[in-house]
Amino acid sequence: MAAKKAEQALVEQWRDILALHARTQCELDRALHGHGLCASDFEVLDLLAEGAAADGGCAYRVQEISDRVHLSQSALSRLIGRLEKDGLVERAMCSEDRRGVRVALTGKGRALHGEVRPVQRAVLTRMLDEVG
């Protein structure tokens, strides 16, 4: 009986985590929509902003981004394509590996990230304080 209760508690904890994630994702999408972004778009911009080299160059290959933002390779490629079309990122061939593609923020992407970052962080703070 104790094992069954422990298992049920584990399942309930997992479902609580999933529900918090879903609520937070919806709140992020709602808050970022006015800036032309969704939560996944911002995650990519945020990762690129954190990884930017001192000269403004990019630090991430598409595969490295995929490993960090929890999107499939094809979904990430479509997302990067949209961001590129909007002038927020640019793609370039890797000089060290001609098969690889690197992604960098443009000036417009850097400016939008700086504008939207406080909005995203405020949503995270509000939503994650629930579990605090």
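Residues numbered from 1 in each chain as written. Predicted model: local features only at pLDDT ≥ 70, side-chain atom pairs only at ≥ 80, totals over all residues. Heavy atoms only, no water.

A.B. asks: Where do I start with the overall build of the protein chain in this structure?
C.D. replies: For the protein chain, the count of helices and strands is 5 helices and 3 strands. Counting helices and strands in the order they occur from the N terminus, the protein chain gives α-α-β-α-α-β-β-α. Classification of the 132 residues of the protein chain by burial places 30% in the buried group. For the protein chain, restricting intrachain contacts to residue pairs at least 6 apart in sequence, the fraction spanning at least 24 positions comes to 53%. For the protein chain, the accessible surface area stands at approximately 8,300 Å², while carbon and sulfur atoms represent 55% of it. (Helix = DSSP H or I, 4+ residues; strand = E, 2+ residues; numbered from the N terminus. Buried < 20%, exposed > 50% of the residue type's maximum accessible area, 1.4 Å probe, protein only. Contact = heavy atoms within 4.5 Å. Areas by Shrake-Rupley, 256 points an atom, 1.4 Å probe, with all protein chains shown as cover.)

A.B. asks: Can you help me understand the packing of helix α2 (residues 39–50) against helix α3 (residues 62–69) in this one?
C.D. replies: Direction vectors running N to C along α2 and α3 enclose 120 degrees, while the axes themselves pass 11 Å from each other. Relative to α3, α2 is oriented oblique. Regarding α2 and α3, the two cross each other, and that crossing is right-handed. Here E43, V44, L47, L48 and E50 of α2 come into contact with α3, specifically with I65, R68 and V69. (Axes fitted to C-alpha atoms, helices over the stretch in contact; angles between N-to-C directions. Parallel < 35°, antiparallel > 145°, perpendicular 65-115°, else oblique. Left-handed = near helix turned anticlockwise from the far one by under 90°.)

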